[in-house]
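Inside the fold
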Amino acid sequence: MNKQKPVDQLTIEEATHEVKELSLQVEEWGREYYEKDNPSVEDYVYDQAYQRLVTLEQIFPELQSPDSPTQQVGAATISDFAKVEHQNPMLSMGDVFSVAELMDFNERLQRNGVDHPEYNLELKIDGLAISLMYENGKFVQGSTRGDGRIGEDITKNLKKIKSIPQTLTQPITIEVRGECYMPKEAFAKLNEQRESQGLPVFANPRNAAAGSLRQLDPQVTANRELSTFMYYVPDYQTLGVTTQSEALTALVKLGFNVNLNNQVATTKEEIADYINGYTQKRNDLEYGIDGIVEKVNDLALQEELGSTVKVPRWEIAYKFPPEEAATVVREIEWTVGRTGTVTPTAVMDPVLLAGTTVARASLHNPDYLQQKDVRIGDTVYLHKAGDIIPEISTVELDKRPADSVEYEIPTRCPECDSKLVHLDEEVALRCINPMCPAQIKEGLAHFASRNAMNIDGLGPRILEQLFERKMITDVADLYHLTKAQLLTLDKFGDKSADNLLTAIDNSRHNSLERLLFGLGIRHVGAKAARLIAAQFKNIEALMNASSEEIASVEAIGPIIGDSVVTYFNNTQVHELIQELQNAHVNTEYLGTATEVKEGPLTGQKVVLTGKLIEMTRPQAQEWLETQGADVVGSVSKKTNLVIAGSDAGSKLAKAQSLGIEVWNEEQFRAAMKEDS
Ligand code: IVH
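Residues numbered from 1 in each chain as written. Predicted model: local features only at pLDDT ≥ 70, side-chain atom pairs only at ≥ 80, totals over all residues. Heavy atoms only, no water.

1. Quick notes on the packing of helix 3 (residues 99–111) against helix 9 (residues 268–281)
Between two packed helices, the angle of one axis relative to the other and the distance separating the axes together describe the packing. Relative orientation of the contacting elements helix 3 and helix 9 amounts to 140°, with a least axis distance of 11 Å. When the axes of helix 3 and helix 9 are compared, the pair comes out oblique. In this structure, helix 3 crosses over helix 9, and the sense of that crossing is right-handed. Across the interface between the two elements, Val99, Leu102, Met103 and Asn106 of helix 3 pack against Lys268, Ile271, Ala272 and Ile275 of helix 9. Across the contact of helix 3 with helix 9, the residue classes break down as 6 nonpolar, 1 polar and 1 charged. (Axes fitted to C-alpha atoms, helices over the stretch in contact; angles between N-to-C directions. Helix = DSSP H or I, 4+ residues; strand = E, 2+ residues; numbered from the N terminus. Parallel < 35°, antiparallel > 145°, perpendicular 65-115°, else oblique. Left-handed = near helix turned anticlockwise from the far one by under 90°. Contact = heavy atoms within 4.5 Å. Nonpolar A, V, L, I, M, F, W, Y, C, P; charged D, E, K, R; others polar.)

2. Points about the nonpolar core
Residues Ile455, Tyr479 and Phe568 are the most contacted members of the largest nonpolar core, which totals 54 residues. Counting residues per element, the ones that place at least two in this core are helix 12 (437–448), helix 13 (460–468), helix 15 (494–507), helix 16 (512–518), helix 17 (526–536), helix 18 (539–544), helix 20 (558–568) and helix 21 (571–582). Looking at this core, the element that brings in the most residues is helix 17, giving 5 residues. Those residues within four positions of Ile455 in sequence are excluded, and the remaining contacts are Phe447, Ala448, Leu478, Tyr479, Leu500, Ala503, Ile504 and Ser507. In this structure, Leu190, Phe202, Val241 and Val258 belong to the second largest nonpolar core, which totals 41 residues. (Core = buried A, V, L, I, M, F, W, Y, C linked by side-chain atoms within 4.5 Å. Buried < 20%, exposed > 50% of the residue type's maximum accessible area, 1.4 Å probe, protein only.)

3. Structural notes on the pairing of strand 21 (residues 641–644)
The two faces of strand 21 match: Leu641 and Ile643 on one face and Val642 and Ala644 on the other face are all buried. Sheet analysis places strand 19 (residues 605–609) next to strand 21, joined by 4 bridges and oriented parallel. Paired with Val606 across the bridge in strand 21 is Leu641. As defined by bridge partners, strand 21 adjoins strand 22 (residues 661–663) across 3 bridges and the pair is classed as parallel. (Pairing = 2+ DSSP bridges.)

4. Considering the sheet that holds strand 11 (residues 315–319)
On the basis of which strands lie adjacent, the open sheet formed by 5 strands has the order 2-11-10-3-9 and mixed pairing. Strand pairing shows two members of the sheet lacking a second neighbour, strand 2 (95–96) and strand 9 (263–265), which therefore form its edges. The sheet contact formed by strand 2 and strand 11 spans 2 bridges and is parallel. Residue pairing for strand 11: Val96 is matched across the bridge by Tyr318. Running at roughly 55° to strand 3 (residues 119–125), helix 8 (residues 244–254) makes contact with strand 3, strand 9 and strand 10 (289–296) of the sheet. Helix 9 contacts strand 3, strand 9, strand 10 and strand 11 of the sheet and is inclined by roughly 20° relative to strand 3.

5. So, the site of the ligand
In the vicinity of the ligand there are 14 residues, among which Glu122, Arg145, Glu179, Lys295 and Glu315 approach most closely. Note that an oxygen atom of the ligand is positioned 2.9 Å from one of the side-chain N or O atoms of Arg145. For the ligand, whose accessible area on its own is 540 Å², the fraction buried by protein is 89%. Of all the secondary-structure elements, those providing two or more residues to the shell around the ligand are strand 3, strand 8 (227–232) and strand 10. Broken down by element, the residue count for the shell around the ligand peaks at 4 residues, all from strand 3. Of the residues that constitute the shell around the ligand, the class distribution is 8 nonpolar, no polar and 6 charged. (Near = heavy atom within 4 Å. Polar contact = N/O pair within 3.5 Å; in protein donor to acceptor, adjacent residues only side chain to side chain. Areas by Shrake-Rupley, 256 points an atom, 1.4 Å probe, with all protein chains shown as cover.)

6. Concerning the packing of helix 1 (residues 12–34) against helix 2 (residues 43–59)
In the contact formed by helix 1 and helix 2, the axes pass within 9 Å of each other and the chain directions differ by 140°. Every pair of crossing elements has a handedness; the one defined by helix 1 and helix 2 is left-handed. Along its contact with helix 1, which presents Ala15, Glu18, Val19, Leu22, Ser23, Val26, Trp29, Gly30, Tyr33 and Tyr34, the element helix 2 presents Asp43, Val45, Tyr46, Ala49, Tyr50, Arg52, Leu53 and Leu56. Here the residues of the contact of helix 1 with helix 2 sort into 13 nonpolar, 2 polar and 3 charged.

It is worth stressing that arrangement in space is one thing and function is another; only the former is reported here.
Structure follows, in structure tokens:
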């Protein structure tokens, strides 16, 4: 492929050859992206190839075939879902990669007779497009874009997403479009979880959202944290509005989640400022954005401008340039997780990337490492997947040292030297030795962690010493530790020993869900543990339950059901539970009622947003929950209070537009103080 040569200097033979090659490539990448939710190249590599093809077809129109990927919209539908024919086609969007190109677009509009239009600037959310149909205010059907004409019916899955209202505030019949996305934190958590379970990780939040939504089992969608921003109403007359910015406000009033970081602009300076501002701020947002969308604000004018076969003429996307940094790989480290997965991490010279210093990047699993062919001494380019997780994009082969050798995947556990295996064809390499010290130590740390048994002061360094000195071999041993033993630990005095013993003792009185989560049963996260504990009330009942009985708990599915049964179907586990009970560790569900105080926040729906300075989000949430508040993820008209830290974004804006009470961190701390 003659990539370097400007298109207008190509001969017709060269161009024919390149169009053929590029069409196949773009088509294949498109399939990976839209249908398999598993792209093999970065978005900008795809965008560049796509743009090159568009330019080629513009300069050599005779080479454009109706089958060209530039003439299709998104994905063909995959067959497992019912098909939905869109009442209005769901088009894609033209894009530009510089402010200069954006200005060209605007000038073209003006040359075509649009006189100094007002633009509504919006964030381009990195998710997937959805269409929601409401009849007399009731949500009746939701679909994906598909090929633009026919989408997939994913109503059941969309019903599991909290930010999608089932009933609108007005009984109207309307189609609303927007983006379904996975917040960055949820994306990071999901990938971490998948990595530890030996499952392939998602390349970015968009693919994670698409993969979570295109599930035949709606329960999977329910267990994934997804949210939405709605931004478009084809029949705007129904809303009685005349501009896009008014349409957004009207959507908020109907009960939708809307991204209110939009801004109306008319001048080049305003547009450039908005773009520059969000280029800086994008890393601080809770969701991924991949650009800015500029829309003609006047809806009647939008209609007049209409669209080409593929894209509307009244809007354009400005795509952010990729943020990359180059550095050198010095080492590949292998760590053993709680479930035995052995994960490689590239250790590199520290480099500044999108606001943070990065020196480590996960290589996920041996397949991934081999596919990228990362070697020690290689110069690599880093980017941040989903704007937060550092990842190696490419290896700079020109800079590879002459004596470089392919990296050899270990065959033995770096901790216990037992043979590593791949279970059930999973990509992860695993140490299956249940006595592997690394796994036991990770398991102990998890047991003591905040959301599990919450044993303050029992961090990894202390656990390491207790374990190495053979004072503990499993979690039950923690309850037999003596002060004399603790006093032998490094830097341990009278006071720290007493404090730790008290913390361990206090953990005996935890409610069942903390113990269940702390045991580290595969697939049982803190939330699942809470739901299961609330249903079965004590550990004996749970141990006697069948997989179906567990799976029938609301929001719990067969995967968790099977996993819990498998876990308890083991004599060693029975012995461990017995030992814990002998050590007077509570195995009953105590409910939240016993810990909750009655007060002004009891029963109130509270949303936390933005950055808190003097406490972490989990700390804030924990305190709110002890007050009986229901901490929820998104702002709706049912929200009673929003606590907004610094840099709060759309949730704050939405709260303000709905007239919901908002506290800043200071007001929040004052309330906490009153309680103490
Ligand atoms: S407007 C008629 N607004 O970007 C066109 N799209 O690359 C309606 N997207 O297909 C689309 N944020 O999935 C619009 N604020 C926003 C958006 C947005 C993200 C997505 C959408 C679209 C894709 C094009």
